[in-house]
Amino acid sequence: LHKITETLERGEQVILFQNRRGFAPLLECKTCGWVPHCVNCDVSLTYHKYQNTLSCHYCGYTYYPPKACEACGSEELELMGFGTEKVEEEIAALFPDVRVDRLDLDTTRSKTAYERIIKDFESGKVRILIGTQMITKGLDFGAVSLVGILSAESLLNYPDFRAHERAFQMMVQVSGRAGRRQKQGEVVLQTTQITHPIIDMVVRFDYKQLIDVQLMERQLFKYPPYYRLINLIFRSKDAFVLDRISKQYADLLREKFGPRVLGPVAPPIGRVQTFYIKNIVIKIEVSAPIAPVRDVLDGVYKQMQAVPEFKQVLLHYDVDPM
Ligand SMILES: [Zn+2]
Ligand SMILES: [Zn+2]
C-alpha cells in the first residue's frame, strides 16, 4: 500500500490486476458451508455488489442473493474472497482524493464505456486502474510506474495443463504495463504461495527455466508439442444418456487406439447452460500420420450413429486445444 502512496505522490499511475470480476466471488453459509450454484451450470455464483445480484459467469444468469441458506436455513451468509469490484471499493476508501476506475467485463458492457475508461486513464484523470486480464491486452500507458498483481496464486490453480504457462504469461504481460516508456516501472506480486516455483520464475523473468520445466512435464505426461491432443466433447441434457454414450464411444476408440484414449471424464465444470459435458481425450504421437487417425474417428462415429440414443448427444472435436 505504501508503494501506491509513493507512486501517486510522484504523480504517476497505478494498475492493480485482479483476475476475478465481481465483489466477492462467493456467498457462503457460515453454519454449513453451503454456496449458491447456478441452476444451469456446475459453478458457484459470483456476488456483484453494485447490482446486489449473484451471477453466473458462464451463462450470464443472474439471481437475487438468498436471505437464508438453502441447505440449513441459517441466515448468516458471508462473502468470501474478493474480486475487482471489492478491490475498487477498498482502494477508493483508502485513497479518497484520487480517482479510481475499474476495467472489466462488467464496466465495459458498451463500447463507449471501454473507450472512456481507457481515455480517462491515459489522460491522467484516473490515477488508479483496477482490472482483470482485459488490462493486459496490448494497452500502453506511459505514466504507469506501479503494477500490483493481487492473489497471484489464483491464476495458478486452474485445472488445465496450460495453467502454469498461462499464469506466467499473464503475469509477465501485466508486468509489462509498468514503465514501458523511458522510466523503469515496478511490479508488486501479492500471493499466499510465495514459494511457488512459477511465482519465483516470474519474479526473475525466467523464460528459459519455465520452458525447460514445462517441456519436461509435457513429455512426461504426453502433452503437446510431443503429442497431438484430440479432444472429443460430448454434450447432452440427459446425464445418463451422456454417460452411456460417452463410455460406449471410448470403448470403441480404445479398440483402435488402446491406452492413448483417456476418459470419458467430466471437465472441471461439468455442466454449462443446462448441458452436461463429458470429454474423451486421445493422445497421438506427433510423428504418426493423421489420415489413418481421421479414418478411425470417422469409422467410430458411423458405428455410433446406429445407436438411437446418440441422437440426444452433441459431439464436437477440438484438435490441439488451445
Ligand atoms: Zn450458469
Ligand atoms: Zn447452511
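Residues numbered from 1 in each chain as written. Chains lettered and ligands numbered in written order. Predicted model: local features only at pLDDT ≥ 70, side-chain atom pairs only at ≥ 80, totals over all residues. Heavy atoms only, no water.

Details of the overall build of the chain
Rules: Here a strand is any run of E in DSSP of at least two residues, a helix any run of H or I of at least four, and the numbering for each starts at the N terminus. Exposure is judged per residue with a 1.4 Å probe applied to protein chains only, and the accessible area is read against the type maximum: over 50% gives exposed, under 20% gives buried, and values in between give partly exposed. Contacts are residue-level and defined by heavy atoms, with any inter-residue pair within 4.5 Å sufficient. For the accessible areas, the method is Shrake-Rupley and the probe is 1.4 Å, while residue cover comes only from the protein chains on display.
Secondary structure assignment for the chain yields eight helices and 15 strands. Relative to its 322 residues, the chain shows a buried fraction of 43%. In the chain, of all internal contacts separated by at least 6 residues, the share reaching a separation of at least 24 is 69%. Roughly 17,500 Å² of accessible area belongs to the chain as shown, and the carbon and sulfur atoms make up 54% of that amount.

Section: the environment of E186
Tracing the chain through its elements places E186 in strand β10 (residues 186-189). Taking the C-alpha atoms as reference points, E186 and K3, 183 residues apart in sequence, are found 9.3 Å from one another.

Considerations on helix α1 (residues 2-9)
Put simply, the rule is: Arc definition: it is the arc formed by the directions from the helix axis to the C-beta atoms.
Of the positions making up α1, those classed as buried are I4, T7 and L8. Across the axial projection of α1, the buried residues extend over an arc of 95°, all falling on one side. The exposed set on the far side of α1, more than 90 degrees from its buried face, consists of H2 and E9. Of the residues trailing α1, G11 is marked for its positive phi of about 80°.

Remarks on the coordination of the zinc ion (ligand 2)
For clarity, the cut-off: Each metal's donors are the N, O and S atoms found within 2.8 Å of it, except that Na, K and Ca use a 3.2 Å limit; water is left out, so coordination can look incomplete. Under this scheme a four-donor centre is tetrahedral when all angles range from 85 to 135 degrees, a four-donor centre is square planar and a six-donor centre octahedral when opposite donors are above 155 degrees with the rest from 65 to 115, and any other centre is irregular.
The coordination sphere of the zinc ion (ligand 2) contains the protein donors C29 (SG), C32 (SG), C69 (SG) and C72 (SG), at a distance range of 2.3 Å. Around the zinc ion (ligand 2) sit four donor atoms; with metal-centred angles ranging over 104 to 115°, the donor geometry is tetrahedral. Owing to a relative accessible area of 1%, C29 belongs among the buried residues under this scheme. For C32, a relative accessible area of 41% translates into the label partly exposed.

Some points on the pattern of salt bridges
Cut-off, in case you're wondering: What makes a salt bridge here is a side-chain nitrogen of Lys or Arg within 4 Å of a carboxyl oxygen of Asp or Glu, nothing more.
Under the criterion given, the structure shown has 16 salt bridges. Between D120 and K125 there is a salt bridge, with its nearest N and O atoms 3.5 Å apart. On the basis of relative accessible area, D120 is assigned to the buried category, the value being 8%. Of the charged contacts, one joins K247 and D243 as a salt bridge, the two residues approaching to 3.6 Å between their closest N and O atoms. In this pair, K247 and D243 both sit in helix α7 (residues 239-257), four residues apart, roughly one turn of the helix.

Some details on the packing of aromatic side chains
Selection criterion: Aromatic rings from Phe, Tyr and Trp, taking only the six-membered ring of Trp, are treated as a pair when their centres fall within 6.5 Å; an angle between ring planes under 30 degrees marks them as stacked, one over 60 as edge-to-face, and anything in between as tilted. Working rule: Lys NZ or Arg CZ, within 6 Å of ring centre, within 35 degrees of ring normal, means a charge sits over the ring.
Across all of its chains, the model carries four aromatic pairs by this definition. Considering the side-chain rings of F234 and Y249, the 5.0 Å spacing of their centres and the 70° angle between planes classify their relative orientation as edge-to-face. Here F234 is found in strand β11 (residues 227-236), whereas its partner Y249 is found in helix α7, with 15 residues between them in sequence. Accessibility classification places F234 together with Y249 in one group, the buried group. Three or more aromatic residues joined by ring pairs form one cluster here, namely F234, Y249, Y301 and F310. Positioned above the aromatic ring of F275 is the side chain of K237, whose terminal nitrogen or guanidinium carbon lies 4.8 Å from the ring centre. In this structure, R271 packs its charged tip against the face of Y276, placed 5.4 Å from the ring centre.

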